Amino acid sequence: MTRVLLLSLVSCLLAIHQATLITRCDLAKVLLQEDLDGFEGCSVSDRLCLAFVESNFNISKVYENTGGSFDYGVFQINSHDWCNDHRSHSENLCCRECQELMSPNLLSTINCAKKIVSGAGGMYNWVNWKVHYSGWPLSYWMTGCHLE
């Protein structure tokens, strides 16, 4: 019994260790530097909310969907349409490897997210966004971030 508990504890610690988190304000700073405030009608607050609901600000998050595709990175970009993970069929519309979407420098993720938002559906391409946050005032996501 002790052995099983120890193995469970080690597994949980490894999963926590592997997570690469970014703070809300650090992400806001990067998004502002990359001129995403107002891009395609969405604010940095909108994108912060999206990152929270999709990954809880976890840059290294990977989620397996029921259809066999995977979602990658802080914005949980799907492998079926947007990136190539060599595990599932992909249209690879962002022309990049899914692993790149988990890079701490975030440039691949931001460029792919820009492409997604620029296309049909915009922010509605993220189901959690559409269901939970579309149309709500979200400026409070910038509260406490001293970015000037």
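What counts, and where the lines are drawn
- Residues numbered from 1 in each chain as written.
- Predicted model: local features only at pLDDT ≥ 70, side-chain atom pairs only at ≥ 80, totals over all residues.
- Heavy atoms only, no water.
- Disulfide = S-S within 2.5 Å.
- Helix = DSSP H or I, 4+ residues; strand = E, 2+ residues; numbered from the N terminus.
- Phe/Tyr/Trp six-rings, centres within 6.5 Å; stacked < 30°, edge-to-face > 60°.
- Buried < 20%, exposed > 50% of the residue type's maximum accessible area, 1.4 Å probe, protein only.
- Lys NZ or Arg CZ within 6 Å of the ring centre and 35° of its normal.
- Core = buried A, V, L, I, M, F, W, Y, C linked by side-chain atoms within 4.5 Å.
- Contact = heavy atoms within 4.5 Å.
- Polar contact = N/O pair within 3.5 Å; in protein donor to acceptor, adjacent residues only side chain to side chain.
- 1 Å grid on protein atoms, 1.4 Å probe; cavity = no way out; pocket = protein on both sides within 12 Å on 5 of 7 lines; lining within 4 Å.
- Points joined across faces, edges and corners; volume = space filled by probe spheres on them.
- Nonpolar A, V, L, I, M, F, W, Y, C, P; charged D, E, K, R; others polar.
- Pairing = 2+ DSSP bridges.

Before going further, it helps to examine the state of the cysteines. Covalent bonding between the sulfur atoms of two cysteines defines a disulfide. On inspection of all chains with the given rule, the structure shows three disulfides. Each sulfur of the disulfide joining cysteine 83 and cysteine 98 lies 2.0 Å from the other. Negative torsions about the S-S bond denote left-handed disulfides, and the value of about 95 degrees found for cysteine 83 with cysteine 98 makes this one right-handed. With cysteine 83 in the loop between β3 (77–78) and α4 (107–118) and cysteine 98 in the loop between β3 and α4, the pair connects residues that are 15 residues apart, well separated along the chain. With a sulfur-sulfur separation of 2.1 Å, cysteine 94 is cross-linked through a disulfide to cysteine 112. Looking down the S-S bond of the cysteine 94 and cysteine 112 bridge, the torsion is 85 degrees, so its handedness is right-handed.

Before going further, it helps to spend a moment on the packing of aromatic side chains. This model, assessed by the stated rule, comprises five aromatic pairs. For the ring pair phenylalanine 70 and tyrosine 72, a centre distance of 6.4 Å and an interplane angle of 45 degrees mean the geometry is tilted. Comparing phenylalanine 70 with tyrosine 72 shows no difference in burial state: the two are buried. Members of the aromatic cluster, joined through ring pairs, are Phe52, Phe57, Tyr140 and Trp141. For the cation-ring pair, arginine 87 lies above phenylalanine 70, with the distance from its terminal atom to the ring centre recorded as 3.7 Å.

This paragraph deals with the nonpolar core. Leu27, Phe75 and Trp126 are the most contacted members of the largest nonpolar core, which totals 37 residues. Listed by contribution, the elements that provide at least two residues to this core are α2 (24–33), α3 (44–55), β2 (70–72) and α4. If we skip the residues at most four places from it in the chain, tryptophan 126 touches Leu50, Glu54, Phe75, Gln76, Ile77, Ala113, Ile116 and Val117.

Now for the environment of asparagine 65. Counting through the fold element by element, asparagine 65 comes out in the loop between β1 (62–64) and β2. In the structure, asparagine 65 is positioned 14 residues away from serine 79 in sequence and 9.9 Å away in space, judged by C-alpha atoms. Apart from residues lying up to four places away in sequence, asparagine 65 is in contact with Phe70, Asp71 and Asn78. Reaching out from asparagine 65, the side chain makes a polar contact with the side chain of aspartate 71 at a distance of 3.1 Å.

Below, the discussion takes up the layout of surface pockets. Counted as a void, the largest pocket has a volume near 250 Å³. Surrounding the largest pocket, Glu54, Asp71, Gln76, Ile77, Asn78, Asp81, Trp82, Ile116, Asn125, Trp126, Val127 and Asn128 form its lining. If you list the elements that add at least two residues to the lining of the largest pocket, you get β3 and α5 (127–132). In terms of residue class, the lining of the largest pocket is made up of five nonpolar, four polar and three charged.

Our next topic: the side chain of asparagine 78. Within the fold, asparagine 78 resides in strand β3. A polar contact of 3.0 Å, which involves the side chain of asparagine 78, links it to the side chain of serine 69. Within the local environment of asparagine 78, its side chain forms a polar contact with the side chain of aspartate 71, the two groups lying 2.7 Å apart. In this structure asparagine 78 touches Asn65, Ser69, Phe70, Asp71 and Cys83, once residues within four positions along its chain are discounted.

Turning to the sheet that holds β3, a few remarks are in order. Sheet strands pair via backbone hydrogen bonds, and the direction of the pair is either parallel or antiparallel. Taken in spatial order, the three strands make up an open sheet running β1-β2-β3, and their pairing is antiparallel. At either end of the open sheet lies a strand with only one pairing partner, and these are β1 and β3. Note: β2 against β3, two bridges, orientation antiparallel. If you follow aspartate 71 over to β3, its bridge partner there is asparagine 78.

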